[in-house]
Amino acid sequence: MSTGQVPAVVIAAPASGSGKTTLATGLIGALRRAGHRVAPFKVGPDYIDPGYHGLAAGRPGRNLDPVLVGAERVVPLYRHGAEGCDLAVVEGVMGLFDGRIDANHAAPIAEGSTAQVAGILGAPVILVVDARGHSQSLAALLHGFATFDTAIRLGGVILNRVGSERHDQVLRAACDRVGLPVLGSLPRMAELEVPSRHLGLIPAVEHGHAATAAVEAMTDLVAAHVDLPTVARLARSTTTAPAWDPVTAIRESEDSNAAAGPSVDETTAVDVTSALAASHSNAQAPNGTAVGPAARGGAAATSTRGQGAATGAWLDPVIAMAGGPAFTFGYAEHRELLEAAGARVVVFDPMRDELPTGTAGLVLPGGFPEEHAAALAANDRLLAQVAEQAGMGLPVHAECAGLLYLCRSLDGHPMAGVVDATAEFGPRLTLGYRDAVALADSALWRTGERVRGHEFHRTRIVTTGTDTPAWGWHTAGERIREGALIHHVHASYLHTHPAGNPRATCRFVAAAADYARIRATA
């Protein structure tokens, strides 16, 4: 193992629901308790599991998603997230070989699968098997997973939800038959189940002390029933690429932005002075009406800012990032990139706070606003602030929960009314990767730019107005137009990974610096 490499084990399973999250979270906590500095990762776009990983590790859980960031960035992001650690635990997604379904471009290893990430990292896989209903036939199942792709190394098996000592003996014999060591055997422990809802587990931030207690229980269980020294010795990684660096990513994106020519921020900056004057006479309650003429179109002024990170007197524009129980979905690299681009990120809770002083840009990430709609609606002062400043040209980047917050209403509760739409909890889950195209210029994207994103929601937009759609894509032959653009507001259900699109972050901070400058000189 070369200097600087951090060895890893990948926790996979034959199928979803096998107990990967319980095992991975407990393993992270148990290895940390044993003295290791553990870097936690999750394969795919999932926001919820990394929250539990982070509690167990004492450091942020991070994602490795070849679909959203590109396979070439997986190793750099891994090495960045593993800095200062001596071991990494990577929790897989779904079944070991499950990934993006693309009938037009079938690959031997599905894109975005746990197997793909394990192969990229050169790390061994530990297969977690839900033992319920299994007996001697487990040997055939393990044989299939071990031989399906010989480039993927199965380092061992952990039996989960074992019913009895006799059951354990039979399953161990099946593993021996195919030459796979049993690294642990966990009994059935129903009390470890973490409450879930329509999008999976309840996020750790929302679950509070109960989440901490659950992580401690998972840690105790794994520490008692898994051979931790053997797991640690098994860990490997063949990664050689340098670590990802947010400053370098911003610098390179700044150069590419400059080479590509001017962006929307250099030609269509909102006249904040006119909007400020109009807002005093036209401002209304946040019930779905626009605040001032700039909310749906206003006078334009020429901006003097160029592309790239903020410079000059507006070096550190304040970016307000929504957090708290309603906005829990986000990637650690997002804040790192915003700060690398020159922003000062201030996290606030829309359920109880107002906009931070000096806000020049607003990030509304994903989460569960439908579970907290009444509390969000009760903070009418913040709703009015967001509506007013969005009308004056405040750059806003809203994804999923952020889109819902900007609508006129959510399940009948009044929201900010920036986006001319209403939303409600829906009858079915919308889930999947999207190959999207930007349909118009915005504070983040240029017309025609392509991005890979992910939808993950059970709410729906039920009435829409005349806002320009943000994205276009095709799903099952259907042409989709989604999201809304209003001046510097970009609102959409689509989740993107900032590490895969640093130019967008660079532009957003530049737009925020513009907004701060114009406000200061208005």
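Residues numbered from 1 in each chain as written. Predicted model: local features only at pLDDT ≥ 70, side-chain atom pairs only at ≥ 80, totals over all residues. Heavy atoms only, no water.

1. Brief notes about the sheet that holds strand β7 (residues 182-187)
Think of a sheet as strands paired side by side through backbone hydrogen bonds, with each pair either parallel or antiparallel.
And step 1. Spatially, β3-β2-β4-β1-β5-β6-β7 is the arrangement adopted by the seven strands of the open sheet, whose pairing is parallel. At either margin of the open sheet sits one strand with a lone partner, and together these are β3 (62-64) and β7. Taking the axes of each pair of neighbouring strands and ignoring which way they run, one obtains an average angle of 25° across the sheet.
And step 2. In terms of strand pairing, strand β1 (residues 8-12) meets strand β4 (residues 87-91) through four bridges, oriented parallel. Bridge assignment links valine 10 to a residue of β4, and that residue is valine 90.
And step 3. Sheet contacts for helix α6 (residues 138-148): β5 (125-130) and β6 (154-162); angle to β6, the most-contacted strand, approximately 145°. (Pairing = 2+ DSSP bridges. Helix = DSSP H or I, 4+ residues; strand = E, 2+ residues; numbered from the N terminus. Axes fitted to C-alpha atoms, helices over the stretch in contact; angles between N-to-C directions. Contact = heavy atoms within 4.5 Å.)

2. Quick notes on the pairing of strand β20 (residues 471-475)
One face of the sheet, then the other: side chains in a regular strand alternate in exactly this way.
And step 1. Relative to β20, strand β18 (residues 421-438) runs antiparallel, the two being bridged by two bridges. Considered in β20, the bridge of valine 437 is made with glycine 472.
And step 2. The pairing of β20 with strand β21 (residues 478-482) spans five bridges and is classified as antiparallel. Paired with threonine 475 across the strands is glutamate 478, a residue of β21.

3. Details of the sheet that holds strand β13 (residues 344-348)
And step 1. With respect to topology, six strands assemble into an open sheet ordered β13-β12-β14-β15-β23-β22, the strand pairing being mixed. With one partner strand each, in any of the chains shown, β13 and β22 (484-486) form the two edges of the open sheet. Taking the axes of each pair of neighbouring strands and ignoring which way they run, one obtains an average angle of 15° across the sheet.
And step 2. Two strands pair when backbone bridges link them, and strand β14 (residues 359-364) and strand β15 (residues 396-399) are joined in this way by three bridges, in the parallel orientation. The residue of β15 that forms the bridge with leucine 364 is alanine 398.
And step 3. Helix-sheet contacts for helix α17 (residues 502-521) involve β12 (318-322), β14 and β15, and the interaxial angle to β14 is about 145°.

4. What to know about helix α13 (residues 332-340)
And step 1. Restricting attention to buried positions, one finds in α13 the residues Glu333, His334, Leu337 and Leu338. Considered in projection along α13, the buried side chains sweep an arc of 140° and stay on one side of the axis. (Buried < 20%, exposed > 50% of the residue type's maximum accessible area, 1.4 Å probe, protein only. Arc of directions from axis to C-beta.)

5. Focus: unusual backbone geometry
And step 1. Even without being a glycine, aspartate 411 presents a positive backbone phi close to 50°.
And step 2. As for its position among the elements, aspartate 411 is in the loop between β16 (409-410) and β17 (413-414).
And step 3. Look at histidine 487: it is not a glycine, yet its phi comes out positive at around 55°.

6. Quick word on the packing of aromatic side chains
And step 1. As enumerated under the stated definition, the model contains nine aromatic pairs in all.
And step 2. For the ring pair tyrosine 47 and phenylalanine 329, a centre distance of 4.9 Å and an interplane angle of 10° mean the geometry is stacked. On the criterion of sequence distance, the pair formed by tyrosine 47 in the loop between β2 (38-43) and α2 (49-57) and phenylalanine 329 in the loop between β12 and α13 is long-range, its members being 282 residues apart. Take tyrosine 47 and phenylalanine 329: they sit in the same class, and that class is buried.
And step 3. With a centroid separation of 4.7 Å and 35° between ring planes, the pair formed by tyrosine 47 and tyrosine 331 is classed as tilted. Here tyrosine 47, found in the loop between β2 and α2, pairs with tyrosine 331, found in the loop between β12 and α13; they are 284 residues apart in sequence, far enough to count as distant.
And step 4. Note on tyrosine 47: relative accessible area 10%, which makes it buried.
And step 5. For tyrosine 331, a relative accessible area of 7% gives the class buried. (Phe/Tyr/Trp six-rings, centres within 6.5 Å; stacked < 30°, edge-to-face > 60°.)

7. A short note on the packing of helix α1 (residues 20-33) against helix α9 (residues 209-225)
When two helices pack together, their arrangement is given by the angle between the helix axes and the distance between those axes.
And step 1. At a closest axis distance of 7 Å, the pairing of α1 and α9 adopts a crossing angle of 80°. Judged by the angle between their axes, α1 and α9 are roughly perpendicular. Within the contact between the two elements, α1 uses Thr21, Thr22, Leu23, Thr25, Gly26, Leu27, Gly29, Ala30 and Arg33 and α9 uses Val215, Glu216, Met218, Thr219, Asp220, Val222 and Ala223.
And step 2. Taken together, the residues that form the contact of α1 with α9 break down as seven nonpolar, six polar and three charged. (Parallel < 35°, antiparallel > 145°, perpendicular 65-115°, else oblique. Nonpolar A, V, L, I, M, F, W, Y, C, P; charged D, E, K, R; others polar.)

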